[in-house]
Amino acid sequence: MENDNQLSLFKGGLALGLSVGLAGGVASALWVKKRQRLGADAVLNVVKDAFLKEGPIEGSWINFEKQPLRKFAVHSEGYTGGITRLEDGKLVSYEFLADANTGTVLDIQRLKD
């Protein structure tokens, strides 16, 4: 009888320990993913994918050095880069500023010939 009681306590403790460990692992993985920043190559791929939806591109570049950004009270970091594509038979260049955390394009400008 005493062995049955000890066995049920062991099973209950084991189940509790496994569930707490699993929940802690999932929570820590989500926290790390949220705090992770995109690299310059990943940001460039996000921007290139957006441009490729409208047509082929001829070339692209990105500055691997992050720049501090400030828009009113919001502080962040971003990457600068560029895309070149053919439009009406002419090469057209665009420069962009993208958020380092999400890859979202914050500003884009078409360069004059």
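This one's a predicted model, so the numbers in the text were calculated from it and none came from an experiment.

**Q** What exactly am I supposed to notice about the overall build of the chain here?
**A** In terms of regular secondary structure, the chain is built from 2 helices and 5 strands. In sequence order, the secondary structure elements of the chain are arranged as α-α-β-β-β-β-β. Pairs at least 24 residues apart make up 35% of the contacts formed inside the chain by residues separated by at least 6 positions. Surface exposure of the chain reaches about 8,800 Å², of which carbon and sulfur atoms provide 58%.

**Q** Quick question: what am I supposed to make of the pattern of salt bridges here?
**A** Side chains that differ in sign of charge can pair as their charged atoms come close. The full count for this structure, using the stated rule, is 3 salt bridges. Here Arg 85 and Glu 87 are joined by a salt bridge, their closest N and O atoms 3.9 Å apart. Accessibility expressed as a relative area gives 6% for Arg 85, which makes it buried. Among the ionic pairs, Arg 110 bridges to Glu 87, the shortest N-O distance being 3.5 Å. One end of the pair, Arg 110, is in strand β5 (residues 105-110); the other, Glu 87, is in strand β3 (residues 74-87), and 23 residues separate them in sequence. Salt bridges here are not isolated pairs; linked through shared partners, they connect Arg 85, Glu 87 and Arg 110.

**Q** Explain the confidence of the model for the chain to me, please; I cannot follow it from the model alone.
**A** Detail in the predicted coordinates should be disregarded across regions flagged by low pLDDT. Of the residues in the chain, 83% have a pLDDT of 70 or more, and the chain-wide mean is 83. The secondary-structure element of the chain with the lowest mean pLDDT is helix α1 (residues 2-35), recorded at 70, while strand β1 (residues 59-62) shows the highest, at 94.

**Q** What should I look at first to understand the pairing of strand β2 (residues 67-71) in this one?
**A** The side chains of a regular strand alternate, residue by residue, between the two faces of the sheet. Both β2 and β3 contribute to a ladder of 5 bridges, which runs antiparallel. Looking at β3, one finds that Arg 70 is bridged to His 75. Hairpin connection between β2 and β3: a loop of 2 residues separates the two successive antiparallel strands, and Phe 72 in this loop has a positive phi of roughly 60°.

Thresholds applied
Residues numbered from 1 in each chain as written. Predicted model: local features only at pLDDT ≥ 70, side-chain atom pairs only at ≥ 80, totals over all residues. Heavy atoms only, no water. Helix = DSSP H or I, 4+ residues; strand = E, 2+ residues; numbered from the N terminus. Contact = heavy atoms within 4.5 Å. Areas by Shrake-Rupley, 256 points an atom, 1.4 Å probe, with all protein chains shown as cover. Salt bridge = Lys/Arg side-chain N within 4 Å of Asp/Glu carboxyl O. Buried < 20%, exposed > 50% of the residue type's maximum accessible area, 1.4 Å probe, protein only. pLDDT = per-residue confidence, 0-100. Pairing = 2+ DSSP bridges.

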